[in-house]
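Take a look at the letters that make up each chain.
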Amino acid sequence: MSAQAAPLLPPDSVVSALRAAGCVFAEDEAELILSTARTPEEATAMVRRRAAGLPLEHVVGWAAFHGLRIAVEPGVFVPRRRTEFLVDRAARLLPPRPVVVDLCCGSGALGVALVAGLDAFELHAADIEPAAVRCARRNVVPAGGRVHEGDLFDPLPAALRGRVDVLLANVPYVPTGEVGLLPAEARAHEPLVALDGGADGLDVLRRVAAEAPRWLAPGGHLLFETTERQVADALDAVAGGGLTAAVARSDEHSATVVVGGRPV
């Protein structure tokens, strides 16, 4: 029986450094850093970066999402665990050999998670942020998809019009006046364009809902997250675009998802 490898750094010292920096889950974070780093020098640098306030996912270079390890980079939106509920709802709507689009894709986590395990699919992801596009290619291309850079639908191939079965739109929905109330990790290290949804948080969503019917296949669906207080306006935006509108909620994930459907 081989002896267990010695830790790169004393775990207690890593926990103490993280706890002193205000990390609530210092023990778990220390374990993750020490299991990810390859050398003591790398471990030390990771601890310093985390203690300085960099999101843990940016420090270790990946985020756990829907059972997958998704590559993330500094300056890229970190996929939230609550958004796994959106993927679960979308999975119920997949036809055989689906065409999937992940809009405002960030790291590409949603689209990759949705098609994981499928034998046949067509996956496209798009984002306006060059850093997000670069990161998404690390996740989406190995999964068999394509990534496009540009504003919302603009960079998508025209041949997708009327063919999309599931359109995932992880649009920003934080009202401009509330961005300053977000955790410091998000405000300082994630792109503002991925957070700020305009005066009431629904500016980008309204643009997506208005154009989605031209891209969805008959019977196709648009899915996005929102907050409870935005639900009524979000449903109006979806219905105004000519889609049927419904809402799904998960207490377990503390998530609210709006589903818009194109009639058959």
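About the thresholds
- Residues numbered from 1 in each chain as written.
- Predicted model: local features only at pLDDT ≥ 70, side-chain atom pairs only at ≥ 80, totals over all residues.
- Heavy atoms only, no water.
- Helix = DSSP H or I, 4+ residues; strand = E, 2+ residues; numbered from the N terminus.
- Rg over C-alpha atoms; globule rule 2.2 N^0.38 Å.
- Buried < 20%, exposed > 50% of the residue type's maximum accessible area, 1.4 Å probe, protein only.
- Contact = heavy atoms within 4.5 Å.
- Axes fitted to C-alpha atoms, helices over the stretch in contact; angles between N-to-C directions.
- Left-handed = near helix turned anticlockwise from the far one by under 90°.
- Nonpolar A, V, L, I, M, F, W, Y, C, P; charged D, E, K, R; others polar.
- Pairing = 2+ DSSP bridges.
- Arc of directions from axis to C-beta.
- Phe/Tyr/Trp six-rings, centres within 6.5 Å; stacked < 30°, edge-to-face > 60°.
- Lys NZ or Arg CZ within 6 Å of the ring centre and 35° of its normal.
- Salt bridge = Lys/Arg side-chain N within 4 Å of Asp/Glu carboxyl O.
- Polar contact = N/O pair within 3.5 Å; in protein donor to acceptor, adjacent residues only side chain to side chain.

Quick notes on the overall build of the protein chain
Check the secondary structure of the protein chain and you find 10 helices and nine strands. Over its C-alpha atoms the protein chain spans a radius of gyration of 20 Å, differing by no more than 12% from the 18 Å that the globule rule assigns to 264 residues. C-alpha atoms of the protein chain, sized along the principal axes, occupy 60 × 45 × 35 Å. Counting across all 264 residues of the protein chain, residues that qualify as buried make up 49%. At a minimum sequence separation of 6, the contacts of the protein chain that also span at least 24 residues come to 61%.

Notes on the packing of helix 2 (residues 26-36) against helix 3 (residues 40-51)
When two helices pack together, their arrangement is given by the angle between the helix axes and by the axis-to-axis distance. Contact geometry for helix 2 and helix 3: axes closest at 9 Å, N-to-C directions at 145°. As for the relative orientation of helix 2 and helix 3, their crossing is right-handed in sense. Residues Glu29, Ile33, Leu34 and Thr36 of helix 2 form the contact with helix 3, whose own contacting residues are Ala43, Met46, Val47 and Arg50. A per-class count over the contact of helix 2 with helix 3 returns five nonpolar, one polar and two charged.

Here we look at the sheet that holds strand 9 (residues 255-261)
Taken together, seven strands build an open sheet; the order of strands is 5-4-3-6-7-9-8 and the sheet is mixed. Pairing within the sheet leaves two strands with one partner each, and these edge strands are strand 5 (146-149) and strand 8 (244-250). Going from strand to strand, the sheet's axes swing by 20° on average, the running direction of each strand aside. Of the pairings in the sheet, the one linking strand 3 (residues 99-103) to strand 6 (residues 164-169) comprises four bridges and is parallel in character. Across the sheet, residue aspartate 102 finds its bridge partner in strand 6, namely leucine 168. In this fold helix 9 (residues 203-215) packs onto strand 3, strand 6 and strand 7 (216-226), with an angle of close to 165° to the strand it touches most, strand 7.

Side note on helix 1 (residues 11-20)
Three or more residues of helix 1 are buried, namely Val14, Val15 and Leu18. For helix 1, the angular spread of buried residues about the axis comes to 100°, placing them on one side. Of the exposed residues in helix 1, the ones pointing more than 90 degrees away from its buried face are Asp12 and Ala20. Looking at the packing, one finds that the buried side of helix 1 touches helix 2 and helix 3. Downstream of helix 1 by one or two residues, glycine 22 has phi in the positive range, about 95°.

Overview of the packing of aromatic side chains
The tally for this structure, following the rule as stated, stands at one aromatic pair. Taking 5.5 Å as the distance between ring centres and 20° as the angle between the ring planes, the aromatic pair formed by phenylalanine 153 and tryptophan 215 counts as stacked. Of the two residues, phenylalanine 153 sits in the loop between strand 5 and strand 6 while tryptophan 215 sits in helix 9, which places them 62 residues apart along the sequence. Look at phenylalanine 153 and you get buried, because its relative accessible area is 2%. Stacked on the ring of tryptophan 62, the Lys or Arg arginine 69 has its end atom at 3.7 Å from the ring centre.

Section: the environment of valine 112
Note on placement: valine 112 falls in helix 6 (residues 109-115). Once the C-alpha coordinates of valine 112 and valine 140 are considered, the two residues, 28 residues apart in sequence, prove to be 6.0 Å apart. When residues no more than four places from it in sequence are discounted, the contact partners of valine 112 are Leu68, Ile70, Leu123, Asn139, Val140 and Ala143.

A look at the pattern of salt bridges
Tallied over the entire structure, the rule returns 12 salt bridges. We note a salt bridge from glutamate 27 to arginine 19, for which the minimum N-O separation is 2.2 Å. Arginine 249 is paired through a salt bridge with glutamate 228; the nearest N and O atoms lie 2.5 Å apart. With arginine 249 in strand 8 and glutamate 228 in the loop between strand 7 and helix 10 (231-240), this residue pair connects regions lying 21 residues apart in the sequence. The exposure class of glutamate 228 is partly exposed, given its relative accessible area of 43%.

Focus: the side chain of glutamate 225
For glutamate 225, the location among the structural elements is in strand 7. Judged by its relative accessible area of 4%, glutamate 225 falls in the buried class. Polar side-chain contacts of glutamate 225 include one of 3.1 Å to the side chain of threonine 83.

Examining the side chain of histidine 124
Tracing the backbone through its elements, the reader meets histidine 124 in strand 4 (residues 122-127). The residues contacting histidine 124, other than those within four sequence positions of it, are Val100, Val101, Asp102, Arg146, His148, Leu156, Pro157 and Leu160.

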